[in-house]
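Survey of secondary and tertiary structure
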Amino acid sequence: MNLWLRLVWLLLTAPFRPKISVPDGFSALTLRVLPNDLDLSLHMNNGRYLTIMDLGRIDLIIRGGLGKAVWRNGWTPVANAVVIRFRRELRAFERYRLETRAVAWTEQAVVMEQTFVFAAGDREGQVAAKALVKGAIYDRKEQRYVPIPDLFGLIGGPAESPPMSPEVEAFLAADRSMREAGRSAQPGA
């Protein structure tokens with residue numbers, strides 16, 4: 001099943017799976033490493049992790065109650081920054097679970113933790129990779145990000161973020177630093 005088929009599967013099955021209470025709940029998708037996910041080392045390609053992480057975030061949006069508002073308003077989910085740590089390789093045909101949860105947020109963005117966990121075999125329960133993703137919902141008509149308190153208002157979630165862990169604070173600080181460096185970079189430098 002290629003990525004488009006995985007997306008169609010996700011969209012078709014989401015209404016039949018339980019709702020997710022955001023921020024307390026989380027999305028859990030059980031998938032399998034397919035041949036088109038592999039790189040030359042015959043394990044899941046590092047770029048494929050990032051692409052599959054999109055599925056977890058889409059699932060969280062839909063089952064968390066924001067899907068209809070996103071669709072109705074023509075909003076688009078965007079990933080602004082990602083840091084990922086690979087721990088163990090996922091090999092051909094291994095089953096894994098992608099767990100996606102919101103862990104903190106600011107006025108403009110949500111930080112999500114996405115974890116790849118072995119779902120079967122002798123490594124069941126072990127973490128293959130873990131990522132932090134800073135994401136937001138962009139309103140193309142208004143040409144601005146939708147404020148996070150407004151989004152949580154739509155689903156009855158809390159406006160105030162839980163305390164940020166040191167890892168999340170470091171991630172957001174690194175993102176700010178890179179954003180500022182990008183603004184001051186000279187062309188051709």
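Look a little higher up for the structure.
Residues numbered from 1 in each chain as written. Predicted model: local features only at pLDDT ≥ 70, side-chain atom pairs only at ≥ 80, totals over all residues. Heavy atoms only, no water.

1. Some thoughts on the pairing of strand β3 (residues 95-105)
The pairing of strand β1 (residues 27-32) with β3 spans six bridges and is antiparallel. Counted as the bridge partner of L29 is L98 from β3. Across nine bridges, the pairing between β3 and strand β4 (residues 110-118) is antiparallel. Paired with R101 across the bridge in β4 is E113. In this antiparallel pair of consecutive strands, β3 and β4, the connection spans four residues. (Pairing = 2+ DSSP bridges. Helix = DSSP H or I, 4+ residues; strand = E, 2+ residues; numbered from the N terminus.)

2. Side note on the packing of helix α1 (residues 3-13) against helix α2 (residues 46-63)
Close contact between α1 and α2 brings their axes to 10 Å; oriented N to C, the two are set at 15°. For the element pair α1 / α2, the angle class is roughly parallel. Considering how the two elements wind past one another, α1 and α2 form a crossing that is right-handed. Together, L3, R6, L7, L10 and L11 of α1 and R48, T51, I52, L55, I58, D59 and I62 of α2 make up the contact between the two elements. Class assignment of the residues belonging to the contact of α1 with α2 gives a composition of eight nonpolar, one polar and three charged. (Axes fitted to C-alpha atoms, helices over the stretch in contact; angles between N-to-C directions. Parallel < 35°, antiparallel > 145°, perpendicular 65-115°, else oblique. Left-handed = near helix turned anticlockwise from the far one by under 90°. Contact = heavy atoms within 4.5 Å. Nonpolar A, V, L, I, M, F, W, Y, C, P; charged D, E, K, R; others polar.)

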